[in-house]
Amino acid sequence: MRRAVSAFDWRLLVRRLPVGVAVGTTVFALVWVLFWAPSTNFGPAIHSPANFLITLLNGLTLAALMFIVASGFSLIFGLMRVVNMAHGSFLLLGGYIAYEVQQSMTNGGGLTVFSSQVNAWDWLVPAIVAAAAIGGIGLVTQQVFLRWNMGQDLRQALITIAISVIIADQVVAHFPLESSIEKGSAVNTSWPGAIDRLVNLHIAGVQYSVARLTMLGLGVAVGIALWLWLYRTKTGMVIRAGVDDRQMTSALGVNIQVTFAIAFVVGASLAALGGAVFTSYAGVNPTTDGQWLLNSLVVVIVGGLGSIFGTVAGALLYALVYNFSISYLPTTGGDCCGQYSPVLTFVLLALVLAFRPQGLFGRPA
Amino acid sequence: MTEAAAHAESAEPILRLRGVGRRFGGLHAVSDVDLDVIPGERRAILGPNGAGKTTLFNVVAGDLPVTSGRIELFGRDVTREPARQRAKLGLARSYQQSRLFLGLSVEDNIFLAIVGVGRGHLRPVVLPRKDAELRARAREAARRAAIDGRLGDVVGALAHGEHRQVALAMALAAEPKLLMLDEPASGLSRGERQLLTELLLALDADITLILIEHDMDIALRVAERVTMMHEGRVIVEGTPAEIRANQLVHDLYLGSHYGSEPEGGASG
Amino acid sequence: MSPFAWHPRPMSEKNLVELVIGVTLLLFLAVFPVFGVGYWVSFVLTQTFLIGIAAASLVFLTAYGGMVSLAQTALYGISAFALGNMVTKGAVKGLHLGLDPWLAVVLAIAITTAIGLVFGAVASRSAGIYFLMITLTYAVIAFTFFGQVTQVSGFSGIAGIADRTPALVGDPVTQPNRLYYIALVTALVVYFAIRHVVRTPFGISLQGVRDDPVRMGSLGYNVALHRTLAFTFAAFIASLAGVLYGWWNGVIAPDNVGLGATVDLLIVAVIGGLGRVEGAWLGAFAFVVINNYVRDVSVPVLGGSFNTVIGLIFLAIVIVSPSGLMGLWDRLWDAAGYREGSGPRAAAAAGTAGPQA
Amino acid sequence: MGRLRGRRWRILLPFAAMAIVAAAIAASSLAAHSASVIRLAIMSDCKGAFGGAYELDIGGAEAALAQYAHGKPVSSKKPSAGMTGITIAGHPVKIVGYGCGNDTVPVAISETKRLMEQLKADIMIGPLSGDEAVTIAHYAQKHPTKTFIIGTAGSQDPTLQIAPKNMFRYHGDGAQWNAGTGILAYKKLGWRKAAIIMDDYSFGWTSAAGLIADFCGAGGKIVKRVFPPLNTTDYAPYVQQLPAPSKVDGYFWVVGGTGTGPSLKAYESAYGKVDPKKFVGNLFFFFQSGFADVAPRLIGAYYGGFGNAPGLKTAGAKQYEATMKKWFGPAGFNVTDSFVYNYFNAAHALVIGLTKSGGALGASLNASLPRSIKAGYQVSNGGQVKLDSNRQAIADQYPQQIVKGPDGKPAAKIVGYVPGVDQSFGGFFKKTSPPPGRSQPPCVKHKFPWAGHIKAVQNGVITKKTIG
């Protein structure tokens, strides 16, 4: 801005207010967590660095999982403007498929196997099978239900809602397979024995789960792979161009339909991969689909739809706020305040959207 | 009154730009524009595609914020005012591609233009007498733009030329002090152009008019002064005769092809 | 162009037929309790009226404001929670303030409308799919708030609302006809209020905002304010549905405003048709009836419960007629008769694109 | 209307069709009601966290109707396929519908309305879960001519706080199920200081209340209470708030339904492998109907029961289990599961009540429903589960342990016998005291009626040895 502000310009102040509030809040939160935090579970980080580190790592590892799932959602939205409301159902079905495959690879059905009986292949093969199967379902969904109505945002969202209702009911009707009558039970898979242990980080004496660190690694790996794919290959370039301007890309003679199909398959497979991870990390049950649809929505809304960096930012913000607010809100008796963390998390998200409707890294609508 | 006399009087300008610039990333769509338009003046802004004319309109109307400079409207600094405040002061504009409310009828479109500069935007009841008066004004504006035959039709169903007429009716209906028209003739047939020219010439003398137009016949017939833009800057300003005679203008513009210009920013 | 536009036309043959159908239906509904089946009065139709009101608030925002809101369920829930907290007394959950029933109704509506104003103001800068998203966040905030803040609810929700109704309403269990008529009249009032508002300067400007917000700014309108007030008006309508729901159901719980319920209301509006306000009640009726009467239908090959059936029906509707049952009616009309001379009907029937796609 | 020409009339045909269908539906709901038929509804969950228990619940109820009221299951593999031929006191009984809840209040209430008003049931057996029962208790209050027998819900409120006169519960609530288990942790495991993690809703609080009252009553101290919301995606930050295993003697784990597995996994990734001796849970630790996925890592851990007693070798238990196997053996579900057992007892009580009332409904049925009923896993009071003045069961409870079964898979084993536990814990929980919550009840020393009377159970036989 070339011209200096001569007089006190209150409108400028109002426009800058969000930034000021954001900076102020962040600084306050940092100071609170690091040095102050009275009547909280752990007290400030300088008094209890171990708990601070664990909270941080919990946040980062959860963010990694959220990124894996939400990046698929974001990819599909960014390219096709399809709000895939069946994303959570894809994750759920992927989780059950991974469970069934691991069961059949280890003791041939029955209750959960111990991680000591599980090697790396017993984990990887189920994840790959789940990703492939859901990729296939994604392809069918896209070709049959979404190909012919591109551009009709709302209609496509509604179609995927209907599909999610059907998938959720089908999962409850048929899974787990070995159970004759108690369908719809919660199931989980085991991490490979090699990573299902704690490791000493040699920082503040913290012991941390290797499985969770692996999850973090997997998230980073997915992120790098996506980045390489989108920024270093021809398909990726077409997809990015498509995100920028669908008509123009189409006009350039690229077969955009093939690109759409590829992106949808990859997006759905990422949901299933996330499902396979989540099944080992927590387990899936018939309410998981709604949870993860919501998680994915929140991450991409906050980060900005269709942006891979936005998805990273959204996942980090959501997971860190979630973790830190649970641990660092004051607890003044039974009815306050740690349990308000979910409310607080979502209020924060609404505020982010109020000031940046397009999300942190999104382009204006 | 002649153009020269009008300028010699040098009334307080109705619009004054000083050092106005607008950047899109690294692209300078408009840079360092100074402009004075006095009350009652007819001004044409000419220039080849991408000269920054529409962007200039957008920053003057407030649809885009400036990245530098200062805009005064009716003697008041409006650089930081939103578009709606400038409209309230008496500025009306049209768009290169007509921006109409396609889901509403012709009459409702014009009605909105009238209510917009007046009061009662938020009135949630129908006041029969008040609304009848406003609608009578809307119909009158429609008549002046010769679109009163389609008052009840949904704008989405009209032809392109009729869209232009509705846009003009809306601009007139607001009873602006400053009217800015962005290529009102583009896409019109010869007959429609003739009609348009007559409409513009018959415009109330109190209304100040700024016109972007590719059709030189219309522009030079209607305008008293012409501003030439090129690559975001004002290069020449003068009467139509002076412009016709200017070699630079010939090189840059009159020799080049005519056509619509896809410019950056919120032009469409 | 928004495809949800209401196209004003002079009284056509179709309008006349619709008017006749509407009046006949209304007369039928007015006398229905006299000979009707109790369950249809107390459950199916009363529920249709009140869900229809909530759906109408969504249709209003979509059709005239271009805003697809997922917060309407949350707002009607907030109204019912407010009513429950204020009206109940004794050893029940919540604040059980035991206020006068009418006062509680007024306060519930006022609180909900005020919250709608705040929600609307925050969301007013968003449009299209972003607006959908931010209103979804509101829905989740409402759900987590009522689930976690046990002072005003907790997961069991608030019961006993129906025990403390105004004398006019009476006991909805023993006198279901009263609530039936109150809901019917409220629905009618809401319907005509919406029909009226969209013809006022506010309503016409709102449609202008729907079609081209930037242009509205340059005409002198405060777009954000229009959006905010439209949202507030819709919150007011939703709050009426919430009060009726509180009386009708007696219980309000966080799951009433959960993701499932939020999506259900969207489904209701879509089944009816997002382009016309009448569709809200048509969709509500279809939804309630389907939910109640497809229990014993089973799907060959796939298996699964009636939820699969509901999913398939919904899928079919969205695919066959994106503008819902009302859209189907429009198309049937066009297909059944002679073509009328001119008119933009083709544009209206062209299909449902997204809000500002 | 004269302007309406030609084929446009056809447009009205769909409306005529709709009107006919509507009339038909309305007529059918009118016609079906015949006075002498007793109309029964069974309400359970077919979706949500407990969707897996649908067939078990229905099976339990139908087995009793088959055994005591001449009913014939249409399929011995799938109870929900229906039942014919039920007759009580000369009156035919028709199961008019099965309610399909999803563990949420709105669906519970609309299903109840569908069953009681659309399908015109006179009696409901159900629901399955706590919040549903609270809602239906309020509904019951408003519908005094109908009768409600709770299927297997564990919330305190329906009988302690709301207590409608037409609602009955022949099994314990969530707190009762855990009676004795806290004492066991104190005496048998030697815990003195413990932390508790509990689901943040009414069943979690009620279930935790039983453990806290019992453990603190014996002299233990609860040093930390953590309450994660239902359906938490990541339990790690909540588990992190629990004191480290070195700081406490153990944890009461009241995270249930779908949360048990995820929360234990979060524990393992925070503190390493679960040590079963440091964990005491509620019924969700070994939930036979599904959710057994966490059981392998908990072999050796104690947990509160579900009012049931798998492996109990008494005549009553054997008779009950044989009855269940007779009617629904091929369905292959675990008949000792309380989903089955509690619904069985509810239906059994209904048969007794209807027999006594001669098929009369409403107030006379409510008066005739038995105030005590012989039940399979009841030993005290002559094998009779007794109802208190709020029509709530006073029933024996059985703390249990997860052990390795003969096939190498985890199995439930009862370890203790807690006689005659009443809902108020001998006056500790009152209608006027604050209901169980995040910080209720407080941790205080208190002598409960069963303290000192808990007997060891070995190989399914109740011994004379007192263990707490």
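Residues numbered from 1 in each chain as written. Chains lettered and ligands numbered in written order. Predicted model: local features only at pLDDT ≥ 70, side-chain atom pairs only at ≥ 80, totals over all residues. Heavy atoms only, no water.

Chemist: Any chance you could explain the nonpolar core here in plain terms?
Modeler: Side chains that are nonpolar tend, in soluble globular proteins, to be buried together. If you look at the biggest cluster of nonpolar residues, it comprises 222 residues, and the most contacted ones within it are C:Phe60, C:Ile194 and D:Trp253. By residue number, the principal contributor to this core is helix H2 (residues 38–65) of chain C, which donates 19 residues. If we ignore the near neighbours within four places in the chain, the residues touching C:Ile194 are C:Ala56, C:Phe60, C:Tyr64, C:Phe233, C:Ile237 and C:Val277. Membership of the second largest hydrophobic core comes to 76 residues, among which are C:Phe155, D:Phe284, D:Ala309 and D:Val385. (Core = buried A, V, L, I, M, F, W, Y, C linked by side-chain atoms within 4.5 Å. Buried < 20%, exposed > 50% of the residue type's maximum accessible area, 1.4 Å probe, protein only. Helix = DSSP H or I, 4+ residues; strand = E, 2+ residues; numbered from the N terminus. Contact = heavy atoms within 4.5 Å.)

Chemist: Sorry, what's going on with the state of the cysteines here?
Modeler: Covalent bonding between the sulfur atoms of two cysteines is what defines a disulfide. All names here are of chain D. This model, assessed by the stated rule, comprises 2 disulfides over all chains. Note that Cys 216 is cross-linked by a disulfide to Cys 443, the S-S spacing being 1.9 Å. For the disulfide bridge between Cys 216 and Cys 443, the dihedral angle about the S-S bond is near -100°, and by the sign convention the bridge is left-handed. With Cys 216 in helix H8 (residues 202–218) and Cys 443 in the loop between strand E19 (416–421) and strand E20 (455–458), this residue pair connects regions lying 227 residues apart in the sequence. (Disulfide = S-S within 2.5 Å.)

Chemist: Could you clarify how one ought to interpret the interface of chain C and chain A in this entry?
Modeler: Facing 44 residues of chain C, the contacting portion of chain A comprises 44 residues. A buried area of about 3,800 Å², summed over both sides, lies between chain C and chain A, and 76% of it is on carbon and sulfur atoms. A per-residue breakdown of the area chain C buries against chain A is headed by C:Tyr130, C:Met133 and C:Leu315, which together make up 17% of the total. Summed over the shared surface of chain C and chain A, the number is 0 salt bridges. Counting the contacts that link chain C with chain A gives 4 residue pairs in polar contact (both at pLDDT 80 or more). Sorting the residues of the side of chain C that touches chain A by element identifies helix H5 (128–148), helix H10 (259–272) and helix H12 (306–320) of chain C as the ones contributing at least two each. Take the side of chain C that touches chain A: its biggest share by element is 12 residues, from H5(C). Split into classes, the residues belonging to the side of chain C that touches chain A amount to 29 nonpolar, 14 polar and 1 charged. (Buried area = accessible area lost by both parts, 1.4 Å probe. Salt bridge = Lys/Arg side-chain N within 4 Å of Asp/Glu carboxyl O. Polar contact = N/O pair within 3.5 Å; in protein donor to acceptor, adjacent residues only side chain to side chain. Nonpolar A, V, L, I, M, F, W, Y, C, P; charged D, E, K, R; others polar.)

Chemist: Help me out: how do you make sense of the pattern of salt bridges in this one?
Modeler: Pairs can form between side chains of opposite charge once their charged atoms are near each other. All names here are of chain B. One pass over the full model with this rule turns up 34 salt bridges over all chains. Of the charged contacts, one joins Arg 123 and Asp 131 as a salt bridge, the two residues approaching to 2.9 Å between their closest N and O atoms. Take Arg 123 and Asp 131: they sit in the same class, and that class is buried. Of the charged contacts in the structure, one is a salt bridge between Asp 215 and Arg 193, with a shortest N-O distance of 2.5 Å.

Chemist: I tried to follow the sheet that holds strand E2 (residues 27–37) of chain B on my own but got confused; where do I start?
Modeler: Sheet strands associate in pairs through backbone hydrogen bonding, adopting either a parallel or an antiparallel arrangement. Residues and elements named next belong to chain B. One open sheet accounts for 4 strands, arranged E2-E1-E4-E5; its pairing is antiparallel. The open sheet is flanked by E2 and strand E5 (76–77), the only strands paired with a single partner. Docked against the sheet, helix H2 (residues 53–61) engages strand E1 (15–24), E2 and strand E4 (68–73), running at close to 115° with respect to E1. (Pairing = 2+ DSSP bridges. Axes fitted to C-alpha atoms, helices over the stretch in contact; angles between N-to-C directions.)

Chemist: I tried to follow helix H11 (residues 278–293) of chain C on my own but got confused; where do I start?
Modeler: Structurally, the α-helix is built with 3.6 residues per turn, so residues lying three or four positions apart point the same way. Helix length check: H11(C) (16 residues) gives 23 Å between terminal C-alpha atoms against 22 Å at 1.5 Å per residue, within 8%. All buried positions along H11(C) are accounted for by C:Gly279, C:Ala280, C:Trp281, C:Gly283, C:Ala284, C:Ala286, C:Phe287, C:Val288, C:Val289, C:Ile290 and C:Asn292. Lining the buried residues of H11(C) we find H2, helix H6 (176–197), H10, H12 and helix H13 (324–336) of chain C together with helix H3 (105–118) of chain D. (Expected span 1.5 Å × (residues − 1).)

Chemist: Sorry if this is basic, but what is going on with the sheet that holds strand E17 (residues 400–404) of chain D here?
Modeler: Residue and element names in this part refer to chain D. Read across the open sheet, the 7 strands follow the order E10-E9-E11-E12-E13-E17-E18; overall the sheet is mixed. Each edge of the open sheet carries a strand with a single partner, namely strand E10 (221–226) and strand E18 (410–414). Relative to E17, strand E13 (residues 302–303) runs antiparallel, the two sharing 2 bridges. Bridge pairing in E17 places Tyr 303 opposite Gln 400.

Chemist: Just to check I follow, could you spell out the side chain of D:Thr260 for this structure?
Modeler: Tracing the backbone through its elements, the reader meets D:Thr260 in helix H10 (residues 260–271). Setting aside residues no more than four positions away along its own chain, D:Thr260 makes contact with D:Trp253, D:Val255, D:Phe284, D:Phe285 and D:Val294.

Chemist: Teacher, can you tell me more about the interface of chain D and chain A here?
Modeler: One widely used convention gives an interface's size as the accessible area the parts lose upon coming together. Taken residue by residue, the interface counts 46 residues in chain D and 48 residues in chain A. Taking both sides of the interface into account, the surface hidden between chain D and chain A amounts to around 3,600 Å²; carbon and sulfur atoms contribute 52%. In this structure, the connection of chain D to chain A is made through 2 salt bridges. Breaking the side of chain D that touches chain A down by element, the ones donating at least two residues are helix H2 (54–69), helix H9 (236–241) and H10 of chain D.

Chemist: Whenever I open this one, the domain arrangement of chain D confuses me. Can you help?
Modeler: All names here are of chain D. According to the domain assignment, chain D consists of domain 1 (38–172 + 312–396) and domain 2 (179–304 + 399–466). The C-alpha-based centres of domain 1 and domain 2 are spaced at 27 Å. Every contact between the two is made by 25 residues of domain 1 and, on the other side, 28 residues of domain 2. Of the roughly 2,200 Å² buried between domain 1 and domain 2 on both sides combined, carbon and sulfur atoms contribute 56%. On the domain 1 side of the interface with domain 2, the three residues burying the most area are Gln 156, Leu 160 and Gln 161, jointly 25% of the side's total. Taken together, the links from domain 1 to domain 2 amount to 0 salt bridges. On inspection of domain 1 and its partner domain 2, the count reaches 9 residue pairs in polar contact (both at pLDDT 80 or more). Residue assignment for the side of domain 1 that touches domain 2 shows that the elements contributing at least two residues are helix H5 (157–162) and strand E16 (393–397). With 4 residues, E16 is the single largest residue contributor to the side of domain 1 that touches domain 2. (Domains from an automatic or database assignment.)

Chemist: What am I meant to see in empty space enclosed by the protein here?
Modeler: Residues and elements named next belong to chain D. All told, the structure shown has 14 cavities of 30 Å³ or more when counted by the stated rule. What lines the second largest cavity is a set of 16 residues, and nearest its centre among them are Phe 50, Leu 128, Ser 129, Phe 203 and Phe 284. Residues that form the lining of the second largest cavity fall into these classes: 11 nonpolar, 4 polar and 1 charged. Structurally, the lining of the second largest cavity is a two-domain feature, drawing no fewer than three residues from each of domain 1 (38–172 + 312–396) and domain 2 (179–304 + 399–466). (1 Å grid on protein atoms, 1.4 Å probe; cavity = no way out; pocket = protein on both sides within 12 Å on 5 of 7 lines; lining within 4 Å. Points joined across faces, edges and corners; volume = space filled by probe spheres on them.)

Chemist: Where do I start with the side chain of C:Thr144 in this structure?
Modeler: The topology assignment puts C:Thr144 in helix H5. In contact with C:Thr144, not counting residues within four places along its chain, are A:Pro342, A:Val343 and C:Val149.

Chemist: Got a minute to help me understand the pairing of strand E1 (residues 38–45) of chain D in this structure?
Modeler: Each regular strand displays side chains that alternate between the two surfaces of the sheet. Residues and elements named next belong to chain D. Judged by how many residues are buried, E1 sits mostly within the fold: 8 of 8 residues are covered. A two-sided burial pattern is seen for E1, the buried positions comprising Ile 38, Leu 40, Ile 42 and Ser 44 on one face and Arg 39, Ala 41, Met 43 and Asp 45 on the other. Relative to strand E6 (residues 123–125), E1 runs parallel, the two being bridged by 3 bridges. Residue pairing across strands places Ala 41 opposite Met 124, the latter belonging to E6.

Chemist: Where do I start with a positive patch on the surface in this structure?
Modeler: All names here are of chain D. Together, Lys 187, Arg 192, Lys 221, Lys 445 and Lys 447 line one region of the surface with positive charge. One can find Lys 187 in helix H7 (residues 181–187). Since its relative accessible area comes to 52%, Lys 187 is described here as exposed. (Patch = residues over 30% accessible without salt bridge, like charges linked within 9 Å, V, L, I, M, F, W, Y side chains within 5 Å. Areas by Shrake-Rupley, 256 points an atom, 1.4 Å probe, with all protein chains shown as cover. Lys, Arg positive; Asp, Glu negative; His and termini not counted. Charge placed at Lys NZ, Arg CZ, Asp CG, Glu CD.)

Chemist: What's the story with unusual backbone geometry in this structure? I'm lost.
Modeler: A cis amide bond, omega -10°, links A:Phe175 with the succeeding residue A:Pro176. Considering the arrangement of structural elements, one finds A:Pro176 in the loop between helix H5 (153–174) and strand E1 (198–200). Even without a glycine there, the phi angle at B:Ala146 is positive, about 60°. Looking at where B:Ala146 falls in the secondary structure, it is placed in the loop between helix H5 (128–144) and helix H6 (160–173).

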